[in-house]
Amino acid sequence: MSTIKDQAICLRAVNYSETSQVVTLLTRDHGKIGAMAKGARRARSAFDGAIEPFAYGQAMWIASPSAQKLDILTELVQSPRFRLLRTNLSAMHAGLFALELTEAFCQSHDPHPALFDALAAALDHLTRCQRRDSVLAVLMDYQLTLLDEAGIAPVLDACANCGMIAKTLPRELYFSSAANGLLCGGCEQSFSEKRRISAACAAALNRRLSAENAPGNALSEAEHLLIYHFTELLGRPAKMSKYFVSR
Ligand SMILES: [Zn+2]
C-alpha cells in the first residue's frame with residue numbers, strides 16, 4: 001500500500017463515530033476520492049481540526065486496494081484559502097452548489113486537473129463577490145465547465161437536433177435536456193421535454209457573459225435553465241438548487 005499526496009478540496013464531510021469523519025475530496029491529479037479521517041473531530045489531529053466542505057490543502061492518503069472501500073486519509077494540511085466564503089451567504093450557497101454538483105458528476109479516481117483548477121478559481125472568485133449577479137455569473141460559468149469536463153457540454157450555439165445555426169437568434173428558443181441543447185423552431189415540436197428560453201438567456205449561456213455584461217434577469221433565467229437541466233440529468237433536484245430558484 002502506498003501513500004499518495006495531492007492538493008484537495010473537501011466536497012462533503014459526514015461525521016462517523018464520536019471522533020471520525022468520512023470525507024469526499026476532489027484531488028487535483030487523482031480525481032474524486034472517499035476517505036476515512038480517523039480522529040478528525042478530536043482537538044488535536046493530523047487534519048488541522050474537523051474537515052468541512054471548502055477545506056483545502058495538501059492531503060495524504062493510503063489508497064484502498066478495493067474500489068468499494070474507503071481510502072484512509074492520513075493527513076490534511078489545511079490552508080484558509082476559501083474560509084471567507086462562509087461570510088457571504090449567497091456566495092457560500094453558490095460554493096456549496098458547485099461542490100454538490102462536482103460530487104454528483106465526477107467519477108471516483110478519474111482525474112480532471114482542469115476541473116480542479118476551475119473549481120478552485122470559482123471558489124476564489126466567489127470569496128470576492130459582493131453582488132448577487134456576480135455570484136450567479138461565477139456559478140453559471142463553473143456549471144458549464146463541469147458539463148464540459150464531464151463530456152456532456154450542451155449545444156448552445158446551434159440547434160442540437162438539426163445543427164442549424166441561426167444568424168440572429170429568434171426572440172424565443174427552446175432548450176431540451178434530452179436533446180442536450182437548444183432547439184430551433186422546426187425541431188422543437190418533436191421534443192416533449194423542453195423549456196422555452198429568451199434569446200438573452202441563450203446569449204448569456206452561449207457567451208458565458210460576465211456579470212458586468214449580462215443583464216441580471218438574463219443571468220437569473222440562465223441559472224434557472226441550468227437548474228432545470230441538472231434536475232433532468234440527475235433525475236432529482238440538487239439540494240442546493242432551492243437557493244437559486246426563487247427570484
Ligand atoms: Zn433544428
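Residues numbered from 1 in each chain as written. Predicted model: local features only at pLDDT ≥ 70, side-chain atom pairs only at ≥ 80, totals over all residues. Heavy atoms only, no water.

Describing the confidence of the model for the protein
Here the protein shows a mean pLDDT of 92. Residues at 70 or above account for 94%. The lowest-confidence element of the protein is helix 4 (residues 199-207), averaging 84 in pLDDT; the highest-confidence one is helix 2 (residues 113-127), averaging 98. (pLDDT = per-residue confidence, 0-100. Helix = DSSP H or I, 4+ residues; strand = E, 2+ residues; numbered from the N terminus.)

So, the environment of Ala150
With respect to the helices and strands, Ala150 occurs in the loop between helix 3 (132-149) and strand 6 (172-176). Residue class for Ala150 comes out partly exposed when judged on its relative accessible area of 33%. It is 31 Å that separates the C-alpha atoms of Ala150 and Ser20, two residues lying 130 residues apart in sequence. (Buried < 20%, exposed > 50% of the residue type's maximum accessible area, 1.4 Å probe, protein only.)

Overview of the sheet that holds strand 7 (residues 181-183)
If you walk across this open sheet you meet the three strands as 7-6-8, and the pairing is antiparallel. Edge positions in the open sheet fall to strand 7 and strand 8 (195-198), since each of these has one partner strand only. Within this sheet the neighbouring strands show an average axis-to-axis angle of 45 degrees, counted without direction. Pairing between strand 6 and strand 8: four bridges, direction antiparallel. Opposite Glu172, over in strand 8, you have Ser198 as the bridge partner. Helix-sheet contacts for helix 5 (residues 216-234) involve strand 6 and strand 8, and the interaxial angle to strand 8 is about 155 degrees. (Pairing = 2+ DSSP bridges. Axes fitted to C-alpha atoms, helices over the stretch in contact; angles between N-to-C directions. Contact = heavy atoms within 4.5 Å.)

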